[in-house]
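Listed below, chain by chain, are the residues.
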Amino acid sequence: VSDTGVCQKNPRWSEVINVTGTVNLVTVCREFGAKPLICSSDQVYFGSRQLGPHAETEDLHPSNVYGCQKLRAEQICLEIFPETVCLRLSWMYAKDTLPGDRGHFLSQLKEALEDPEKPLSWPVHDCRGLTDVESVVENLPAALKLPGGVWNFGSPNHRSTHHTVKHILETLGLDRCPVPNEEAFSSCPRDLSMDPGKLNAAGIFFPATAEGLIRALK
């Protein structure tokens, strides 16, 4: 259950799926000698007392239910089966979408750009990686060869969401100027950006967020 709002409203129900269900699958993998790979999330860094980019060794205190559930699933799975590979994924997007699909950032950005009268506005107090799902899939075979543990698995990004969009529009030569949203996350800035250093040392790389989005838009 990856919808953070749904998890906040239904914590017991989502716990059964996000934690218990994951642990059940890893338990079966242990019994059959199969190497488990589980999908965690960059939301484990939401509420961190440290600024990003965040490393896997950071002491974590997630401030939302979904992040807490993902972190708990990691911890239990690694305790019962240390060979478990836990991939902390970022928000993902797909280049090919169905008409009307607003399920991810790229589709929202495309929709905004198609309407020249629509104001463009994204938060300046929000920083996170955005990853092409195709690059995640392409890197999964290599991920299965990683030693058990936690891995940041997605595109790095050092820009706020506003500055990411601004950079993309400038690079593509589009005459649109996004208006900074100063209100969103102002009381508690959100920084979910991940440090890819450990993953890069293992030979796995993702394009930077802006680079990947520019490719998709082209």
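Being a predicted model, the structure only gives us computed values, none of them experimental. (Residues numbered from 1 in each chain as written. Predicted model: local features only at pLDDT ≥ 70, side-chain atom pairs only at ≥ 80, totals over all residues. Heavy atoms only, no water.)

## Observations regarding the side chain of His162
Line of reasoning, step 1. With respect to the element layout, His162 can be found in helix α6 (residues 161-171).
Line of reasoning, step 2. Exposure remark for His162: the relative accessible area of 5% places this residue in the buried category.
Line of reasoning, step 3. Beyond its immediate stretch of four places on either side in the chain, His162 contacts Trp122, Pro123, Val124, Pro178, Val179 and Pro180. (Helix = DSSP H or I, 4+ residues; strand = E, 2+ residues; numbered from the N terminus. Buried < 20%, exposed > 50% of the residue type's maximum accessible area, 1.4 Å probe, protein only. Contact = heavy atoms within 4.5 Å.)

## Quick look at the layout of surface pockets
Line of reasoning, step 1. Estimates place the volume of the largest pocket at around 530 Å³.
Line of reasoning, step 2. Lining the largest pocket are 22 residues, with Ser2, Ser41, Tyr66, Trp91 and Arg128 positioned closest to its centre.
Line of reasoning, step 3. Taken together, the elements giving at least two residues each to the lining of the largest pocket come down to β1 (37-41), α3 (65-80) and β3 (91-93).
Line of reasoning, step 4. A per-element tally of the lining of the largest pocket places β1 first, with 3 residues.
Line of reasoning, step 5. In the lining of the largest pocket, the residues fall into 7 nonpolar, 10 polar and 5 charged.
Line of reasoning, step 6. The computed volume of the second largest pocket comes to approximately 160 Å³.
Line of reasoning, step 7. Lining the second largest pocket, in full, are Tyr45, Phe46, Gly47, Ser48, Arg49, Gln50, Leu51, His54, Cys188, Pro189, Arg190 and Asp191.
Line of reasoning, step 8. Classifying every residue of the lining of the second largest pocket by side-chain character gives 5 nonpolar, 4 polar and 3 charged. (1 Å grid on protein atoms, 1.4 Å probe; cavity = no way out; pocket = protein on both sides within 12 Å on 5 of 7 lines; lining within 4 Å. Points joined across faces, edges and corners; volume = space filled by probe spheres on them. Nonpolar A, V, L, I, M, F, W, Y, C, P; charged D, E, K, R; others polar.)

## A look at the side chain of Asp126
Line of reasoning, step 1. By secondary structure assignment, the location of Asp126 is in strand β5 (residues 126-127).
Line of reasoning, step 2. The exposure class assigned to Asp126 is buried, which follows from its relative accessible area of 5%.
Line of reasoning, step 3. Among the polar contacts made by the side chain of Asp126, one reaches the side chain of Arg190 at a distance of 2.6 Å.
Line of reasoning, step 4. Apart from residues no more than four positions distant in its own chain, Asp126 is found in contact with Ser160, Thr161, Phe185 and Arg190. (Polar contact = N/O pair within 3.5 Å; in protein donor to acceptor, adjacent residues only side chain to side chain.)

## Points about unusual backbone geometry
Line of reasoning, step 1. Each neighbour pair has its own omega, and for Gly52 with Pro53 the value is 5 degrees, a cis peptide bond.
Line of reasoning, step 2. Along the chain, the position of Pro53 falls in the loop between β1 and α3.
Line of reasoning, step 3. One non-glycine residue, Phe185, lies in the positive phi region at around 65 degrees.
Line of reasoning, step 4. By secondary structure assignment, the location of Phe185 is in the loop between β8 (179-181) and β9 (190-191).

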